[in-house]
Amino acid sequence: MNLVKRPLFNPDGDIDLRKRQMVGGNTTNLNDFNNMKYQWVSGWYRQAMNNFWIPEEINLNQDIKDYPHLDKDERTAYDKILSFLVFLDSIQTANLPNVSEYITANEINLCLNIQTFQEAVHSQSYSYMLDTICSPEERNDVLYQWKTDQHLLKRNSFIGDCYNDFQLNKDMFHFMKVLIANYILEGIYFYSGFMFFYNLSRNGKMPGSAQEIRYINRDENTHLWLFKNIILELQKEVPDMFTPDKVKVYQDMMREGVRQEIAWGKYVIGNKLQGLTEKMVEDYILYLGNLRSTALGFSPLYDGYEEEPADMAWVSAYANANMVKTDFFEARSTAYAKSTALIDDL
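Residues numbered from 1 in each chain as written. Predicted model: local features only at pLDDT ≥ 70, side-chain atom pairs only at ≥ 80, totals over all residues. Heavy atoms only, no water.

If you look the protein chain up in an unreviewed UniProt entry, it shows as Ribonucleoside-diphosphate reductase subunit beta from Candidatus Treponema excrementipullorum. We quote the UniProt Function (unreviewed entry) comment for the protein chain here in full: "Provides the precursors necessary for DNA synthesis. Catalyzes the biosynthesis of deoxyribonucleotides from the corresponding ribonucleotides." (UniProt positions renumbered as here; feature names shortened; annotations may be inferred.)

Next up, the structure:
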């Protein structure tokens, strides 16, 4: 099918839900919260809205004291991982509107608008962390390390080039690859960074940073679940985009994402930090690769990594921002509110 940008004002758009499509539909762009073709959106929307938080609500006083006393390897990893994460969320903020231009289900675009806002909040949170714990000169050095660190630049290029490629090739297959790249970014690319901050916290260091990451991790889980469902709906609506040869392309993209995340973990974490080893990082990322592939109905990517490594179970516990289960892939009943619990069966 052809990929056509949706019109903004379209008085002749369809109002019949049976005609609504993820892409290629004739949308009115009317935000009708009572008539949604994709019923799972209602729960996702309430859940995402209930996630609202601001970076400054988290106390970083202990981090101000801890940061100067991190050992050299911890400090280097902290700076490089933060530089990587702020770049990822920045490019997500910029790219999501490019995706929504071709989505013709208004309820999905409502979700993408929330995600775009949340990605901006994540970028703000990284700036807040840096503004609080280091000097303006150190802050700028961290933010722009991807310009001078070739390993970091290469990591950013994998996703960034995919997004840029779609700007030049506005067809359905390149659109699908952008969706898969989003899925990889949200579901594989962040995790060496997240586990580093959680490991610092369990060693009694930088607790405020870990809490910021928890809230970010919680948001990313909702984004991951959103893109998983978009892709699953497209499997039903555009099956010619899921022929064996195309699925191989998507799985190869996931394998490359896993390969890069493992290489990144070895580069910034390695065997230099208390509580983490290269093997722990590698085993966990291979497991995540399988999890992300099978969640889309594809085959596992790696034999022998179907179960969460026992020595990494603490990552899921630390990722729990509100002391509730937050992984949409393993548990469907989730509470997100910080003060009261709103339970949605997603």
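1. Quick notes on the pattern of salt bridges
Pairs can form between side chains of opposite charge whenever their charged atoms are close. Summed over the entire model, instances satisfying the criterion amount to 15 salt bridges. Measuring nitrogen to oxygen at the nearest pair gives 3.2 Å for the salt bridge that ties Lys236 to Glu233. Taken together, the positions of Lys236 and Glu233, both in helix H9 (residues 207-237) and three residues apart, correspond to about one turn of that helix. Its relative accessible area of 62% is what places Lys236 among the exposed residues. (Salt bridge = Lys/Arg side-chain N within 4 Å of Asp/Glu carboxyl O. Helix = DSSP H or I, 4+ residues; strand = E, 2+ residues; numbered from the N terminus. Buried < 20%, exposed > 50% of the residue type's maximum accessible area, 1.4 Å probe, protein only.)

2. Topic: unusual backbone geometry
Although it is not a glycine, Asn29 sits at a positive phi angle of roughly 70°. Along the chain, the position of Asn29 falls in the segment before helix H1 (40-50). Classification of Asn29 as buried rests on a relative accessible area of 19%. A positive phi angle, close to 55°, is found at Met206, a residue other than glycine. On the secondary structure map, Met206 appears in the loop between helix H8 (191-202) and H9. Using a relative accessible area of 0% as the deciding quantity, one classes Met206 as buried.

3. Focus on the confidence of the model for the protein chain
Chain-level pLDDT for the protein chain is 89 on average; 92% of the residues reach the 70-or-more range. Averaged pLDDT values over the elements of the protein chain bottom out at 33 in strand E1 (residues 333-335) and peak at 97 in helix H2 (residues 61-66). Predicted confidence is poor over residues 323-346, with pLDDT under 50, and the contacts of this stretch with residues over four places away or in other chains come to 67 contacts. (pLDDT = per-residue confidence, 0-100. Contact = heavy atoms within 4.5 Å.)

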